[in-house]
Amino acid sequence: MASPTQNFTRRLYHGRGEPLSVATTVATYALAIATMYGVALLIGADRVSGAIAVAVGLGLVPVAIARVHEVDLAHLGVVRPRAGAVAGAIVCGAGLWLLALHAAAPVVALTEREHEVRAWSTALFAGRPTVTVIIVTMVIVPAVCEELAHRGLLAGGLTPRLGRGLAIALSTVVFALLHFEPARMVATAILGTAAGVLAARAGSIWPAIALHATNNLIVALLGMGLWPALAHALDHHRGPAIAVATLLAAGGLTIAWRSPGPIAPQGRRASGTVQA
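Thresholds applied
Residues numbered from 1 in each chain as written. Predicted model: local features only at pLDDT ≥ 70, side-chain atom pairs only at ≥ 80, totals over all residues. Heavy atoms only, no water. Phe/Tyr/Trp six-rings, centres within 6.5 Å; stacked < 30°, edge-to-face > 60°. Lys NZ or Arg CZ within 6 Å of the ring centre and 35° of its normal. Bend = angle between axes of the 7 residues up to and from the residue. Helix = DSSP H or I, 4+ residues; strand = E, 2+ residues; numbered from the N terminus. pLDDT = per-residue confidence, 0-100. Contact = heavy atoms within 4.5 Å. Core = buried A, V, L, I, M, F, W, Y, C linked by side-chain atoms within 4.5 Å. Buried < 20%, exposed > 50% of the residue type's maximum accessible area, 1.4 Å probe, protein only. Salt bridge = Lys/Arg side-chain N within 4 Å of Asp/Glu carboxyl O. Expected span 1.5 Å × (residues − 1). Arc of directions from axis to C-beta. Axes fitted to C-alpha atoms, helices over the stretch in contact; angles between N-to-C directions. Parallel < 35°, antiparallel > 145°, perpendicular 65-115°, else oblique. Left-handed = near helix turned anticlockwise from the far one by under 90°. Polar contact = N/O pair within 3.5 Å; in protein donor to acceptor, adjacent residues only side chain to side chain.

Visitor: Is there a simple way to think about the packing of aromatic side chains in this case?
Guide: In total, this model carries zero aromatic pairs according to the counting rule given. The positively charged end of Arg-151 is found above the aromatic ring belonging to Phe-175, 4.4 Å away from the centroid. A cation over a ring is seen here: Arg-201 above Trp-257, with NZ or CZ 4.1 Å from the ring centre.

Pasting the structure below:
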């Protein structure tokens, strides 16, 4: 029989009581995806409606199922992380987005989908949406809900059966496939891998959310033309920009790595520092 310590280290996150079973985790994720697309079909696929569908499917469904099964949300990684983990994630995100973009560029050329990618990018900002709408629909909702579903529910729920590495890898693949476009799959796979590592190290999904939000915020600001200085630097100083991005990504990961484990609630021992 496995000892309590062995059971403890086979989890990605740690909360009171038992987590969702692997079967329930997979069923919940499938229900979350089905709900997201179902809501989108019912209310439309415009910017705001899409965000609502993501919030309901990937955000509310996992939380609701956890509540129905009386599972502590800490088992989904919803627990307070250390400040260094969040700070490191933000620094990492400030550089990783550019590295992911350059990694995806050859895929665009290889698949000859330059027109489709450009059309998709243009459609994101069609109609001159306000900064508030963009931040809510492109930054906050996707970062919180997609990380809850993939790094929280899926990676956390699969870890007892598959182990941390394979669970993070599988959740990253699923996350990437959700974005359909081949070039976006490459970029989101890079983002998802980093998010999974940060979440596992911190014992919390909040650093993954911070990374994801930083990535999306920079892309949104550039897409709306609100950061002309950065756009100019990227256009005219490509080599140095990639070098700086690499330093930011590596430096942010290093900062986050030095802040392992979540902050335990008062009267409860922190558990995320125990490694598998």
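Visitor: What am I meant to see in helix α6 (residues 131-162) here?
Guide: What sets the pattern is the α-helix's 3.6 residues per turn: residues three or four places apart point alike. Taking the largest bend as the criterion, α6 deviates by roughly 35 degrees, centred on Pro-142. Positioned one or two residues after α6, Gly-163 has a phi angle of 90 degrees, which is positive.

Visitor: Looking at this model, I keep getting lost on the confidence of the model for the protein chain. Mind explaining?
Guide: Regions with low pLDDT should not have their predicted coordinates read in detail. Confidence in the prediction of the protein chain, expressed as mean pLDDT, is 89, and 92% of residues score 70 or more. Predicted confidence is poor over residues 1-8, with pLDDT under 50, and the contacts of this stretch with residues over four places away or in other chains come to five contacts. Contacts for the low-pLDDT stretch residues 269-276, under 50 throughout, to residues beyond four places or in other chains number 19 contacts.

Visitor: Help me understand the nonpolar core in this model?
Guide: If you look at soluble globular proteins, the nonpolar side chains tend to sit buried side by side. Formed by 50 residues in total, the largest nonpolar core has its most connected members in Tyr-29, Met-36, Leu-58 and Leu-211. Of all the secondary-structure elements, those providing two or more residues to this core are α2 (22-43), α3 (47-68), α4 (83-111), α6, α7 (164-177), α8 (182-202), α9 (206-223) and α11 (238-257). Sort the elements by how many residues they give to this core and α6 lands first, with ten residues. Ignoring any residue separated from it by four or fewer positions in sequence, one finds Leu-58 in contact with Ala-32, Ile-33, Met-36, Ala-53, Cys-145, Glu-146, Leu-148, Ala-149, His-150 and Leu-178. Formed by six residues, the second largest nonpolar core is a distinct cluster that contains Trp-97, Leu-98, Ile-218 and Leu-230.

Visitor: Please explain the pattern of salt bridges as it appears in this structure.
Guide: Pairing between side chains of opposite charge can happen when their charged atoms approach one another. Tallying each qualifying case throughout the model produces two salt bridges. With a closest N to O distance of 3.2 Å, Arg-11 and Glu-18 form a salt bridge. Under the relative-accessibility criterion, Glu-18 is labelled exposed at 56%.

Visitor: What is the right way to read unusual backbone geometry from this model?
Guide: Backbone phi values are negative for most residues with the exception of glycine, while trans is the configuration of most peptide bonds. Of note in this structure, Glu-70 is not a glycine but carries a positive phi near 55 degrees. By the element assignment, Glu-70 lies in the loop between α3 and α4. Although it is not a glycine, Phe-180 sits at a positive phi angle of roughly 60 degrees. If you trace the backbone, Phe-180 turns up in the loop between α7 and α8.

Visitor: I tried to follow α11 on my own but got confused; where do I start?
Guide: Helix length check: α11, at 20 residues, gives a terminal C-alpha distance of 28 Å against a target of 28 Å (1.5 Å per residue), a fit within 8%. Of the positions making up α11, those classed as buried are Ala-241, Ala-245, Ala-249, Gly-252 and Ala-256. Viewed end-on, α11 has its buried residues packed into an arc of 70 degrees, placing them on one side of the element. The secondary structure elements touched by the buried residues of α11 are α4, α8 and α10 (228-236).

Visitor: I keep staring at the packing of α4 against α8 and nothing clicks. Help me out?
Guide: The geometry of a pair of packed helices is captured by two quantities: the angle between their axes and the separation between those axes. Interaxial distance between α4 and α8 falls to 7 Å at its minimum, and their mutual angle equals 155 degrees. When the axis of α4 is compared with that of α8, the two are roughly antiparallel. Where α4 crosses over α8, the two elements pack in a sense that is right-handed. Of the residues in α8, those touching α4 at Ala-85, Ala-89, Leu-96, Ala-100, Ala-103, Ala-104, Val-107, Val-108 and Thr-111 are Pro-182, Ala-183, Val-186, Ala-187, Ile-190, Leu-191, Ala-194, Leu-198 and Ala-202.

Visitor: What is the right way to look at the environment of Gly-15 in this model?
Guide: Inspection of the secondary structure assignment puts Gly-15 in the loop between α1 (4-9) and α2. By relative accessible area, Gly-15 is classed as buried at 16%. Once the C-alpha coordinates of Gly-15 and His-75 are considered, the two residues, 60 residues apart in sequence, prove to be 5.2 Å apart.

Visitor: Please explain the side chain of Ser-171 as it appears in this structure.
Guide: Note on placement: Ser-171 falls in helix α7. Within the structure, Ser-171 has its side chain in polar contact with the backbone oxygen of Ile-168 (distance 2.9 Å).

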